[in-house]
Structures are given as C-alpha cells and as structure tokens.
Amino acid sequence: MTTTAAPMVQVQGLTKRYGDTVAVDGVDLQVRPGEVYGFLGPNGAGKTTTLRILTGLIAPTSGSVEVLGGSPGQAKVLARTGSMIESPAFYPYLSGLDNLRLLAEYAEVARARVREVLELVDLAERAKDRFSTYSLGMKQRLGVAAALLKDPELVILDEPTNGLDPAGMRDMRRLIRELGSDGRTVVLSSHLLGEVQQVCDRVGIINAGRMVAEHDVEELRGQQELVIRAKPLESAHSVLREVLGADAVHLYDDTLRAKVSPDRAAELNRLLVRADIAVSELRSTERALEDVFFELTTEEKTHAG
Ligand SMILES: Nc1ncnc2c1ncn2[C@@H]1O[C@H](COP(=O)(O)OP(=O)(O)OP(=O)(O)O)[C@@H](O)[C@H]1O
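From a predicted model like this one, the values you see are computed outputs, not experimental measurements.

So, about helix 5 (residues 136–148). Between its first and last C-alpha, helix 5 extends 19 Å over 13 residues, near the 18 Å set by a 1.5 Å rise per residue. Burial analysis of helix 5 places eleven of its 13 residues in the buried class, which makes it a mostly covered element. If you check which residues of helix 5 are buried, you get M138, K139, Q140, R141, L142, G143, V144, A145, A146, A147 and L148. Here the buried face of helix 5 lies against strand 5 (81–84), helix 3 (96–106), helix 4 (112–120), strand 6 (154–157) and helix 6 (166–181).

See below:
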C-alpha cells in the first residue's frame, strides 16, 4: 500500500489513432491510491486501448500518461503493476500451479508466492489440474493470480468478468472487492453497469473514445430525482420545463423524470394540477447508474452530431 496521496494513474489528453480511427480521443483520468476504479463504456469505446497504453503494451499518439509516478512500461513501474489484458495465455496441458511456477520463475518471484496467489483467487484445490480442464471463470481467476504474483500495488484488469456465467461473475467480483479492501489499487474495465456499481469506488465513463464523466459511484447512485406520471404528459413536460429548465426534465418511457430535490414535490404537484393536468404518480427515487450512463452517452452522441 502506498502512503503518498499522489495519483496512481494520471492521464491527460490521451489520444490514440489507428489510421483514420480515433480509438481514444483526449481522455483525462485519475486513479487514486487504494480505490477500485471502474472504466465503463460500451464495446468499442476505447477501454482496452487505454488499458494497453497504461501497461505499456502500446504507445499513445499524444497526451501524457503517468503510472505510479513513471512512464508506462518502465521496468520500475512494471515491477509494481500487475495486469490482465484480454484473455490470459497459459499452457493448456500444464496445471495451473505449473503455469504459475513458470511465470514466477520468469519474473523472479519466490515459489512460495505461487501458493499464496492460488489461495487468494480460490484455486488452491484445483491447482494441480490441467489448465485445459478449468472453467472459463477459473481460467480468468488464474489470470488474476498471475497478475498478483509480484504483489503489485496497482492491478489492471480488462473486462475480468467477460464471458463468465453468473457464478463465475460473482466469484470474480468478490475477488476484486477483496483486492480493493486489501489496500491495492485496482483499475478494471467493464461494459456492465451493475458490475461497476457493485465493486467500484469510482467510475470513469467512456464513449466513442471520449471520457463523458468521472464520478464517485456513491455520488451517482445517491442522486435523487422525481418520477412523475401525468396526463397529458406533454403538457406536464412543458410546465416542468418552464419551472425547472429544459435540462432538468426528461421523458423516460411514459413518465417524466425531474432532477430536483424531493422537497419540491408538493410545489410541483400544485403547479401541474393548476394547469389542469391529472397527476397519478409523483415520487422520488434514486437514479440508477444505468439512467445516468444512458443520459451521458446519448448527450455525448448528440454533441458529437
Ligand atoms: N489495433 C487496432 N487497429 C485498428 N483499430 C483498432 C485497433 N485496436 C482498437 N481499434 C479500434 O479502436 C476502437 C476502440 O477499441 P477498444 O478495443 O479500445 O474498445 P473497447 O472499449 O475495449 O471495446 P471492447 O469491449 O469491444 O474491446 C474500436 O473502434 C476498435 O475497432
């Protein structure tokens, strides 16, 4: 665990182009010591590209990237970083144990550490079975075990639950939470909101190569809004827009969602009734991360034209 407050990862204006494709477009992000940071975005948003840059696998086109106070790929940085980017490669005919022993030897890590990481990822009992007999979840957990061999301060995992069944996902989530509570800093990418909500402290949302938001998960979850069901809905929409501003009211299925404090419910109800609108429901709710995500990514699309 690090005692300095300096960020573990500091990225500014990061851009990566492949010919005409801009995979990552001016991304800023900051990962703080000890947090589990979720890098969330739909397929093709630029998550893997960014994580590959953070681990020094590829070079950025432009922008500044600092990992653990150094440059990605530098030996002293790699020594303190563990990563699993895309599916980890292991020898199918060797056991999990022997695969890790080979890696440990290569990385000059003590053999005893192999047992420790197998325990950590809950694979000790199947350690002597061939890799090819493992379930996808076990293969992924072995990938995490490999990433942990050097006892890294920073762990970078690209879509660690991708393709796993519900039980495999649950085990992986539990493992990530354990890593986080151990004082390690974890950066993971995911296209699953629920997952990020369950395991991360902070989330950076990326869409079409651009960072659309960076928030505390609690802060996002804690945002309140009013759900209003009324007839005619369009009239209710225009009344609320007038009072609250166009940005604060959205149509969502057959309801209106207003980003206001629940204290204003009675006042808004009065206004609607006075305008001859029948209000059948008016309640406050916490905004789901999914709504926030949807709103941010569609806004971004609109801005991008
Ligand atoms: N080596 C490459 N050559 C050309 N284009 C690439 C390359 N790698 C990624 N891209 C493109 O860059 C964009 C971002 O890809 P990236 O893999 O980073 O997204 P992602 O968010 O990780 O999505 P996924 O979850 O689908 O992997 C995509 O349009 C992708 O096709």
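From this point, the narrative continues.
Here helix 9 (residues 233–244) is twelve residues long and its end C-alpha atoms lie 16 Å apart, about the 16 Å a rise of 1.5 Å per residue gives. Directly after helix 9, the chain includes G245, whose backbone phi takes a positive value near 95°.

On to the site of the ligand, then. Residues in close proximity to the ligand include Y18, T21, A23, G41, N43, G44, A45, G46, K47, T48, T49 and H191, which together make up its full environment. Broken down by secondary-structure element, the contributors of at least two residues to the shell around the ligand are strand 2 (21–31) and helix 1 (47–54). Ranked by residues supplied to the shell around the ligand, first place goes to helix 1 with three residues.

Note that strand 8 (residues 202–207) and strand 9 (residues 210–216) share six bridges and pair antiparallel. Bridge pairing links I205 to A213 in strand 9. Counting the residues in the hairpin turn of strand 8 and strand 9 gives two residues, including A208, whose phi is positive at 50°.

In spatial order, the strands read 5-6-7-3-8-9; together these six strands make up an open sheet with mixed pairing. Looking at which strands have only one partner, the edges of the open sheet turn out to be strand 5 and strand 9. The average undirected angle you get between the axes of adjacent strands in this sheet is 15°. Both strand 3 (residues 36–40) and strand 7 (residues 185–190) contribute to a ladder of five bridges, which runs parallel.

Moving on, we get to the confidence of the model for the protein chain. Of the residues in the protein chain, 91% reach a pLDDT of 70 or more, and the chain-wide mean stands at 89. Per-residue pLDDT stays below 50 along residues 300–305; that stretch engages in five contacts with residues further than four places along the chain or on separate chains. Interface scoring of the predicted complex returns ipTM 0.94; its pTM is 0.79.

The rules we used
Residues numbered from 1 in each chain as written. Predicted model: local features only at pLDDT ≥ 70, side-chain atom pairs only at ≥ 80, totals over all residues. Helix = DSSP H or I, 4+ residues; strand = E, 2+ residues; numbered from the N terminus. Expected span 1.5 Å × (residues − 1). Buried ≥ 20, exposed ≤ 12 C-beta atoms within 10 Å, placed from the backbone. Contact = placed C-beta atoms within 7 Å. Near = placed C-beta within 6 Å. Pairing = 2+ DSSP bridges. Axes fitted to C-alpha atoms, helices over the stretch in contact; angles between N-to-C directions. pLDDT = per-residue confidence, 0-100.

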